[in-house]
Amino acid sequence: MQAPLVGQTLRKMVTLVVATTADVASINPAKALLAMPGWSSGPGLDCGIRSFKHGDHLRLLEQDASIIAEDDLDMRWEAATGETVTELIFLSRHAAVSSRPALTVHPIGVPHLKDGDVLPQGGKPGWAAPPNPRIGPWLMLLKKIAESHNLVPEFEITLEATHHGPVTTKPTMFIEIGSTEEYWGREDAARVVALLVWEGLGLGEGAPLGTWSSTSENNKILLGIGGGHYVPRHMDVIMKNGIWVGHLLSGYSLPMEEPQESNKKTDPDHVGGTWKDAIKVALEATATAFPGGKILAHLDHKSFKGWQKNAIANFLTSEGILIGKPSDFC
C-alpha cells in the first residue's frame, strides 16, 4: 500500500447516528447514548443540525425536523467535514395498527415506486439504500439486550420490510421503538436501543458486530422476497441461523399484474407491474453492501399465488439469482 504523501491527511471513516427532537422515540435513545462517556461537541451542519463526536469514528447528528425527509445526509456531512461516511444508523419511532410494543430494525428504500408515484414517507422512486450489514447481527444482539432488561416478551423484537426514506448512498438501517405513544417514550426501551448502538459498534467491552468481510466463514446473504411487513418467514431463517440480511421486499413492494392469457402467467415478460424493477434495485443495493458475498433469494412461498411464485422464480433464474431453501442458509 502506498504511503500518504507528506502533508496529506487521511480522511476519517465515520458512522453517522441520526436523531430528531421531533420524535421522542428518536431523541430519547440519542440522549441515553450521549450520556455514555467520551462524547464532545462537533461541528454544525446546514439547517441547524447539531453534531457530537465520539473518538475518530462515531458522530451523532441531532436535528429538529423529520429524519425520513432528510436526504443526502451522508454526502452533506462529507462535504462539510471532509470525513468519509461508512454507514448511517437512524433512530426513530414505529407506528402500527396493532399497537403492540416492538423494537424493530430494517433497511430502507422504495424500489417498487415509479416516477410520478406518491412518496408517502420520503425516498425517491426506484431507489433503495445499501442495507447496513449490521442488521442481522444487531437483531440478535437487540434481542439479547432487550431480554436482559426484561422487555421481552412485552416487546416484540423484529425486522421490518424495506420501506421509506431518506435518500442515502451508504449502508443504512433504522432502529425503531413502537408502536404507540404509550411506548415511544419508554426510557427502558430508549436505554436498550442506546446499548445496542454502543455495544454493536464495539464501544463496550466486546468487539464490533456486523462488520462485513467476504472472507467470513458464512458469506451468504438473505434477500427476502414476499410476505407481510414483519417478514415472519424470513425472520425464522435469520433468527435460527444468524445470517447476513439484505433487502426485504414484502408483498406490497412487488406489485404484479396478472396476464389475461393463462399460458403467459408465469412468463416474467408478460407479468406487468414494477416487481421486476424492485427486485433488481434491491439486489444491486444488497450487492453493494456485501461485496464478494453470495446472495440467495428466500421466497415466502405461502404469500404468493401459484402464478406469482412461478413468475418470480423464473425471473430470478433468468437473472442468475440463486433461490435458497431454509436449509441453504445454515
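Which parts of the structure should I look at to understand the sheet that holds strand E14 (residues 322–323)?
Through backbone hydrogen bonds, the strands of a sheet pair up, either in parallel or in antiparallel fashion. What the 4 strands build is an open sheet, ordered E12-E11-E13-E14; its pairing is parallel. The open sheet terminates on both sides in strands that have one partner only, identified here as strand E12 (244–249) and E14. With respect to the sheet, helix H8 (residues 306–318) is in contact with strand E11 (220–225), strand E13 (294–299) and E14, its orientation differing from that of E13 by roughly 170°.

What am I meant to see in the nonpolar core here?
The tendency in soluble globular proteins is for nonpolar side chains to be buried as a group. Ranked by size, the top nonpolar core spans 51 residues in total, and within it Leu33, Leu91, Leu103, Leu159 and Ile175 carry the most contacts. Ranked by residues supplied to this core, first place goes to helix H5 (residues 187–200) with 8 residues. For Leu159, the residues in contact, after removing those within four places along its chain, are Val105, Ile135, Leu139, His229, Tyr230, Val231, Met235, Ile238 and Leu248. Ranked by size, the runner-up nonpolar core spans 26 residues in total, among them Leu223, Met256, Ile312 and Phe315.

Explanation requested: the packing of helix H7 (residues 275–289) against H8 in the structure shown.
One can describe the packing of H7 onto H8 by two numbers: an axis separation of 11 Å at closest approach and a directional angle of 45°. Compared by their axis directions, H7 and H8 come out oblique. Taken as a pair, H7 and H8 cross one another with a handedness that is right-handed. When H7 is examined against H8, the residues Trp275, Lys276, Ile279 and Lys280 are found in contact with a partner set consisting of Ala311, Ile312, Phe315 and Leu316. Residues that form the contact of H7 with H8 fall into these classes: 6 nonpolar, no polar and 2 charged.

I tried to follow the side chain of Asp74 on my own but got confused; where do I start?
Residue placement: Asp74 occurs in helix H2 (residues 73–81). Buried charge without a partner: Asp74 forms no salt bridge, and the closest opposite charge is Lys170, 5.2 Å away. In terms of polar contacts, Asp74 uses its side chain to reach the backbone amide nitrogen of Lys170, at 3.3 Å. Once residues lying within four places of it in the same chain are set aside, the contact partners of Asp74 are Leu16, Val85, Leu88, Thr168, Thr169 and Lys170.

I tried to follow the sheet that holds strand E2 (residues 39–41) on my own but got confused; where do I start?
Taken in spatial order, the 8 strands make up an open sheet running E2-E3-E4-E1-E5-E10-E6-E9, and their pairing is mixed. Of all strands in the sheet, those bounded by a partner on one side alone are E2 and strand E9 (156–159). Here the strands of the sheet are splayed against their neighbours by 20° on average, with no regard to which way each runs. Pairing of E2 with strand E3 (residues 50–54) involves 3 bridges; the strand directions are antiparallel. By the bridge assignment, Trp39 is partnered in E3 with His54. Contacting strand E5 (84–95), strand E6 (102–106), E9 and strand E10 (172–179), helix H3 (residues 135–148) crosses the sheet at an angle of about 175° to E9.

Conventions used here
- Residues numbered from 1 in each chain as written.
- Predicted model: local features only at pLDDT ≥ 70, side-chain atom pairs only at ≥ 80, totals over all residues.
- Heavy atoms only, no water.
- Pairing = 2+ DSSP bridges.
- Helix = DSSP H or I, 4+ residues; strand = E, 2+ residues; numbered from the N terminus.
- Contact = heavy atoms within 4.5 Å.
- Axes fitted to C-alpha atoms, helices over the stretch in contact; angles between N-to-C directions.
- Core = buried A, V, L, I, M, F, W, Y, C linked by side-chain atoms within 4.5 Å.
- Buried < 20%, exposed > 50% of the residue type's maximum accessible area, 1.4 Å probe, protein only.
- Parallel < 35°, antiparallel > 145°, perpendicular 65-115°, else oblique.
- Left-handed = near helix turned anticlockwise from the far one by under 90°.
- Nonpolar A, V, L, I, M, F, W, Y, C, P; charged D, E, K, R; others polar.
- Lys, Arg positive; Asp, Glu negative; His and termini not counted.
- Salt bridge = Lys/Arg side-chain N within 4 Å of Asp/Glu carboxyl O.
- Polar contact = N/O pair within 3.5 Å; in protein donor to acceptor, adjacent residues only side chain to side chain.

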